[in-house]
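Survey of secondary and tertiary structure
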Amino acid sequence: PPETELMAEANHADEYPEAMKVGRVISDLDFGWYEEPLSPAYENQFRQLQDKLDIAIATGECEQTRYGFQRLLSAGGVQIAQPDLAYCGGPSEALKIRNLASSLGINVVPHCWGTMLNLAAATHFLASGYREPGRKEAAASLLEYDRTPNRLRDELFEVPVEVDDGIAKVPTGPGLGVVVNERAMKSFVVHQTEVKA
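Below: a short report on this structure. What you see is a predicted model; the values in this text were computed from it and never measured. (Residues numbered from 1 in each chain as written. Predicted model: local features only at pLDDT ≥ 70, side-chain atom pairs only at ≥ 80, totals over all residues. Heavy atoms only, no water.)

Let's talk about the nonpolar core
- By size, the foremost hydrophobic cluster in this structure holds 28 residues, and its most contacted members are Tyr34, Leu49, Phe69, Leu73 and Ala81.
- Elements represented by at least two residues in this core include exactly α1 (16-28), α2 (43-50), α3 (65-74), α4 (91-103) and α5 (116-127).
- Apart from the residues within four sequence positions on either side, Ala81 is in contact with Thr59, Phe69, Leu73, Ala101, Ile106, Asn107, Val108 and Val109.
- Judged by nonpolar contacts, the second largest core, of 10 residues, contains Met116, Ala120, Leu156 and Val161. (Core = buried A, V, L, I, M, F, W, Y, C linked by side-chain atoms within 4.5 Å. Buried < 20%, exposed > 50% of the residue type's maximum accessible area, 1.4 Å probe, protein only. Helix = DSSP H or I, 4+ residues; strand = E, 2+ residues; numbered from the N terminus. Contact = heavy atoms within 4.5 Å.)

Written out as structure tokens, the structure reads:
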């Protein structure tokens, strides 16, 4: 649809000169952001790239803890931090990362790949958000939602996170609000190491 906003994902595929060329093209095409154009190992290059482009740069899915994000974000050049709650240190650490990003004027859009547990955690994380100071209106909460086939995500939960027309509904049950189907889990067992007496 015409109202759909596109983002570009490079997944660390490019070195700086290639990232520059791609960034100029997608910036001219009015993409919303350029995700992981460079390896996070070269955090200073994000600033160099951002200084030459008119598109937001997003990164952080491979970063851990608030200390890793402090190193990554304080170098400059990143407008969207993307902690993955299954990797960055969990929901509590993600809240600290969001506070750090907020103190630097950087938005947070969680990266969400893998299981329904990660999707549930990211949905709750977004629901606990707040309006940044200085904004007239609250910005839309965005969530990177993996739609590649994944039986561990799609078949293992009797109560999943509901996603309807691109909108994830915050689960309301105990804990993260999703329920694993233990019978379905047995079909994924490769080798059983414990035997119940």
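There is more to say, and it comes next.
What about empty space enclosed by the protein?
- Considering all chains together, one arrives at one cavity of 30 Å³ or more under this definition.
- Considering the residues around the largest cavity, the lining is formed by Cys112, Trp113, Gly114, Thr115, Leu119, Tyr145, Asp146 and Arg153.
- Split by residue class, the lining of the largest cavity holds four nonpolar, two polar and two charged. (1 Å grid on protein atoms, 1.4 Å probe; cavity = no way out; pocket = protein on both sides within 12 Å on 5 of 7 lines; lining within 4 Å. Points joined across faces, edges and corners; volume = space filled by probe spheres on them. Nonpolar A, V, L, I, M, F, W, Y, C, P; charged D, E, K, R; others polar.)

Section: the packing of α1 against α2
- For the pair α1 and α2, interaxial distance at closest approach is 11 Å and the crossing angle is 35°. The hand of the α1/α2 crossing is right-handed. The segment α1 lies against α2, with Tyr16, Ala19 and Met20 engaging Gln45, Gln48 and Leu49.
- Split into classes, the residues belonging to the contact of α1 with α2 amount to four nonpolar, two polar and no charged. (Axes fitted to C-alpha atoms, helices over the stretch in contact; angles between N-to-C directions. Left-handed = near helix turned anticlockwise from the far one by under 90°.)

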